[in-house]
Each structure stands twice: as C-alpha cells, then as structure tokens.
Amino acid sequence: MAKPAPAPAAGAREDEDAPALRRRLRRLVAAATAGAASESVFDEAAAALAALRDAEVGVGRKGVGGGEEADAAAVPALFLCPISSGIMRDPVVIESGQTYDRRSIQEWFSAGNQICPQTQQVLSHTILIPNHLVRTMISQWCTENGLTLPEIENQEEDHVTNSEEKTFDEIFVKITSSSSSGGRKQAIKDLRLVTKRNSEFRAVLGQRPDSIAQMIMARSTPGLQNDPQVLEDMVTIILNFSIHDSNKKIIGDDSEAIQFLIWALKSGDMGSRSNSAAAIFTLSALDSNKEKIGKLGAMDPLIDLLEHGSIIAKKDAASAIFSLCLLHENRSIAARSGIVDVAMRAIDDQSLVEESLAILALLSRNQEMVEIITEFNGTASMLRSIRESECKRSKENAMVVLFAICTYNRTKLKEVEADESINGSLTFLAQTGTQRARRKASGILEKMKRTMHNRHCSC
C-alpha cells in the first residue's frame, strides 16, 4: 500500500514546487537581512523550509547503515556556502547582500579580494553581519536530520598561551635592551620568522600593544639605523602582525607605525618598499585606517612604486592603492598624485593591465576622474583592452570604464561606434562576458542604437 504524501507545512501552499519554495526562502532571508524580520517571517521561513525538505529530501531519510543521516546531495542549496560548497557553520552577510560562511569569506578578503565572489560587486567595506535567520534554519534542518551543527566560534577572543607570551618577551627584551647591535639584529630577525611561521603567535600583540612603537624606537640605536636588512625585517614584522584581524586597529592607532611604513615606502630598498605596501594594504581593511593612511601621505610613494617597482612590488602597490581608493576621499588624493597617468601607461605597456584596470574602474564612479581618464586617450585604451585581454575580469573593468566615458561624454560614442563596426567587440562581450560586462556592453550598444535612430530621424 502506498504511503500517503505528507501534509504541507503550515504557511506553505500545496501547489508550490521546490523552485518556488527556494525563491520564497530567498525573499524571506532578504527581508530578515534588511531588518524587516518579525516573528511571522521566522515562522514562515521555517514552514517553507519544512515544505522544501519534503519536496527535495523527504522526512527522516535513512542513510548508509540505517541511521538517521542527511544525504549530502539533499542539503538545501540555501545552506551551502558559495565559496566552500559546505554547510555554513556561521553564515554572515556582506555589503552586496550575499551570504557566506564566515571562515570562507574571511579567507577570501584576507587574500586581497575586495569584491563579492558571486555578484563581482566592488565592496566599500568588508564588514560581516551575522545572518541569524539562515543560522536558525540550518540548525533546525540539522536537528531534524540527525546532524550536529558546531557552535559558532568566538570571533573576538584571541587565545595567547603563556609559552607564546614568554617567547615574545624573551625576543623583545633582546630587541630593546641587548648590549650588542648584532644581538638586536638577530632578535629582530627571530621575531620576523616567528610571526611569519606561527599565525596564532600574532595575537600576542593584543597583550603588548606598545611593542611596535618600542621596536621602531630601537632602530635608532647605533648599528641598526642605517642597516637596510633591519628596516626590511621591521617592516615585515608589522606586515605579519597586521594579517591578524584584531591587530589592524592596534597598529592603526599606533602613532608611529603608519608613519614608519610610509617612510619605508619612500626610503627603503625594494624589499622594504614592497612589504610596506603589503602592510598598508592589509591595514586598509579598516576604513579608519584608510583615512589615516591617506592623510599621512602614502599615496605618492605607492604610485611611485606602482610605476618604478619590481613586478611583485607593483602588485603590492596596486592592491594598496585600490583598497585605499575604496574610501572616496582617497580617490581625489590619488588623482592629484597622478594615478590615472601611471595606470594608463601601465595598460599601454602591458605591464600591469589587470590591476590598473581595476583601479580605473573604481575611479570611474566619479565624473571628474572619468574626464581625466578620457584626456589620456582612455576610449581607445579601453577598447583595445576589451579586444585583446584574455582575462574576463579585465574585460569587465575596461567595459565599466568605457561605459562611464560614454555616459559623461556622448561625443565618444562615435569613436566606439567606429571601432564596433570593424571589430564587433561590444556585441561579442554582451553575449559572452561576465554579468556586469554584459550589462555595460548592452548599455553602450543601446546608446549607440538610440543615437543612430535620432541621427536618421533628423535627416
């Protein structure tokens, strides 16, 4: 005898299939994320989740060995992190409105990415907001399927062992008090190595927040002041400490640290300048640090490094400049410091195309910046990048800049139209590019179509 179908959960309509239920769940999650969550929203979400489980999974599905287990293939897509594809332990929402598992998105941001992995939207900040609704839904689903969802880790607590504190103190007393310059140099090198190899050790700065200023002061002692290796080691120590999230504010609040990094950017050898740019990039994850770094004069030496540095140093400088320019005030500083000229020449020389296009796409939000880009033959340069670049992201960023040029300067549409009649680059990109590139390419094609129509009507 056939088993009767389960009754639909409260709040679910009998005619809703799995895709419809998933769409409703997304709307409910969006409502909760936007601050519109009431008790009824949570109830309706739970009901929709139960109905979706019945439609896709089945209640009490038996796994291998006869136990109550969840089939991995039956986990609702809403509960899977788009980055790791695993069930989200600690779902968080980023600025674009997308939800990710905290650990995965933190690793994404720590790797230097400042865009949403799914929408490719450039983010003005990397603040993570807990998605309590999705967490509750995942927890309920795990309970009903015999799974245990691990407790959320305490994100604020830094665990520093007594051994790590002792190691730090032993090294640091040699840096500040050793009677020989050789002993101090070796201690600085030791601290560089331990902060590189032991990520947990970096949390010790939270217990010793004055250490960076004391270390910088120690460099003024005879035998250390003019040693380029000591300078590189110290800059790298700050870089290593800055990778730990809790240290970003500590270092940013240190009156000496950022000024020291900027001085190293101007006066150090290539290794010191490159690592200083990398440290500035990691510190600029905080908007408060972006503002301080911009005001203290980092932009000029960063742009100089972008133009004249080694390839690694150029990439570090480009990452730092891009991150700093996420703060509106720093974009005008970058423009005054000549970023458009340097970035355009880098594109023309094919030396740093991807990074330069990303910076210009960010700057193109401002009409004044677009006018500067246009003055540097930006239209032809962007069209060439769209035609020749093999990187989809570079094509997208070039398309973003070109769209801004055509929006603020309609006369450039003729130049684009002439190129399109020969190469058809925008038509091709409108069909094969990223979602953002397709949208921008279609927008320009529509502008061209309207212009041609108006031209014919006037005849």
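Everything below is about the structure printed above this text.
Presented here is a report on the structure given in the accompanying data block. Being a predicted model, the structure only gives us computed values, none of them experimental.

A short note on the overall build of the protein
And step 1. A count of helical and extended segments in the protein gives 23 helices and three strands.
And step 2. Scored against the burial criterion, the 459 residues of the protein give a buried share of 47%.
And step 3. Of all intrachain contacts in the protein linking residues separated by at least 6 positions in sequence, the fraction that spans at least 24 positions is 65%.
And step 4. When the accessible surface of the protein is summed, it comes to about 22400 Å², and 50% of that surface belongs to carbon and sulfur atoms.

Overview of the packing of aromatic side chains
And step 1. As enumerated under the stated definition, the model contains four aromatic pairs in all.
And step 2. Seen from their ring centres, Phe-168 and Phe-201 are 6.2 Å apart, and the 45° between their planes marks the pair as tilted. With a gap of 33 residues between them, Phe-168 in helix H5 (residues 162-177) and Phe-201 in the loop between helix H6 (181-197) and helix H7 (211-218) connect regions that are remote in the sequence.
And step 3. Ring geometry for Phe-168 versus Phe-241: centroids 6.5 Å apart, planes at 70°, classification edge-to-face.

Considering the nonpolar core
And step 1. In this structure, Leu-191, Ile-280, Leu-302, Leu-360 and Leu-402 are the most contacted members of the largest nonpolar core, which totals 99 residues.
And step 2. Two domains each provide a minimum of three residues to this core, namely domain 2 (161-287) and domain 3 (365-458).
And step 3. Setting aside chain neighbours within four positions, we find Ile-280 in contact with Leu-261, Ile-262, Leu-265, Ile-293, Ala-298, Leu-302, Ala-320 and Leu-324.

Concerning the pattern of salt bridges
And step 1. Summed over all chains, the structure comprises 22 salt bridges.
And step 2. Residue Glu-291 pairs with Lys-295 through a salt bridge whose shortest N-O separation is 3.0 Å. Taken together, the positions of Glu-291 and Lys-295, both in helix H12 (residues 287-295) and four residues apart, correspond to about one turn of that helix.
And step 3. Lys-295 sits in the exposed class, given a relative accessible area of 65%.
And step 4. For Asp-419, the salt bridge goes to Arg-387, with nearest N and O atoms at 2.6 Å. Of this pair, Asp-419 sits in helix H21 (residues 412-423) while Arg-387 sits in helix H19 (residues 378-388), and the two are 32 residues apart along the sequence.
And step 5. Residue classification places Asp-419 among the buried positions, given a relative accessible area of 12%.

Observations regarding helix H13 (residues 299-308)
And step 1. Those residues of H13 that sit buried are Met-299, Pro-301, Leu-302, Ile-303, Leu-305 and Leu-306.
And step 2. For H13, the secondary structure elements touched by its buried residues are helix H10 (257-267), helix H11 (270-283), helix H14 (311-324), helix H15 (328-336) and helix H16 (339-348).

A word on H15
And step 1. Looking only at H15, the buried set comprises Asn-330, Arg-331, Ile-333 and Ala-334. What you see down the axis of H15 is that its buried residues fit within an arc of 165°, all on one side.
And step 2. Just past H15, the residue Gly-338 takes up positive phi, approximately 90°.

Looking at the packing of H10 against H13
And step 1. Running from N to C, H10 and H13 cross one another at 35°; their axes reach a closest spacing of 9 Å. Considering only the axes of H10 and H13, their crossing is left-handed. Listed contacts from H13 to Ile-262, Leu-265 and Lys-266 of H10 are Pro-301, Leu-302 and Leu-305.
And step 2. Per-class residue counts for the contact of H10 with H13 are five nonpolar, no polar and one charged.

Comments concerning the environment of Leu-306
And step 1. Looking at where Leu-306 falls in the secondary structure, it is placed in helix H13.
And step 2. The exposure class of Leu-306 is buried, given its relative accessible area of 5%.
And step 3. Contact partners of Leu-306, with chain neighbours within four places excluded, come to Lys-314, Ala-317, Ala-318, Ile-321, Ile-339, Val-342 and Leu-352.

As for the packing of H11 against H14
And step 1. Where H11 meets H14, the axes come as close as 8 Å, and the angle between the chain directions of the two elements is 25°. Taken together, the axis directions place H11 and H14 in an arrangement best described as roughly parallel. Considering only the axes of H11 and H14, their crossing is left-handed. Packed against H11, whose contacting residues are Met-270, Ser-274, Ala-277, Ala-278, Ile-280 and Phe-281, the element H14 presents Ile-312, Ala-313, Asp-316, Ala-317, Ser-319, Ala-320, Ser-323 and Leu-324 at the interface.
And step 2. Along the lines of polarity and charge, the residues of the contact of H11 with H14 split into ten nonpolar, three polar and one charged.

As for the environment of Ser-255
And step 1. By the secondary structure assignment, Ser-255 is in the loop between helix H9 (245-253) and H10.
And step 2. With 43 residues separating them in the primary sequence, Ser-255 and Ile-212 have C-alpha atoms 9.8 Å apart.

Some details on unusual backbone geometry
Most peptide bonds take the trans configuration, and most residues that are not glycine carry a negative phi.
And step 1. The backbone of Ser-85 sits at a positive phi, close to 65°, despite the residue not being glycine.
And step 2. Among the secondary structure elements, Ser-85 is positioned in the loop between helix H2 (39-56) and strand E1 (91-93).
And step 3. Ser-85 sits in the exposed class, given a relative accessible area of 54%.
And step 4. Phi at Gln-120 is positive, roughly 65°, even though this residue is not glycine.
And step 5. Tracing the backbone shows Gln-120 in the loop between helix H3 (102-110) and strand E3 (129-130).
And step 6. Overall, the relative accessible area of 15% leaves Gln-120 in the buried class.

Rules used throughout
Residues numbered from 1 in each chain as written. Predicted model: local features only at pLDDT ≥ 70, side-chain atom pairs only at ≥ 80, totals over all residues. Heavy atoms only, no water. Helix = DSSP H or I, 4+ residues; strand = E, 2+ residues; numbered from the N terminus. Buried < 20%, exposed > 50% of the residue type's maximum accessible area, 1.4 Å probe, protein only. Contact = heavy atoms within 4.5 Å. Areas by Shrake-Rupley, 256 points an atom, 1.4 Å probe, with all protein chains shown as cover. Phe/Tyr/Trp six-rings, centres within 6.5 Å; stacked < 30°, edge-to-face > 60°. Core = buried A, V, L, I, M, F, W, Y, C linked by side-chain atoms within 4.5 Å. Domains from an automatic or database assignment. Salt bridge = Lys/Arg side-chain N within 4 Å of Asp/Glu carboxyl O. Arc of directions from axis to C-beta. Axes fitted to C-alpha atoms, helices over the stretch in contact; angles between N-to-C directions. Left-handed = near helix turned anticlockwise from the far one by under 90°. Nonpolar A, V, L, I, M, F, W, Y, C, P; charged D, E, K, R; others polar. Parallel < 35°, antiparallel > 145°, perpendicular 65-115°, else oblique.

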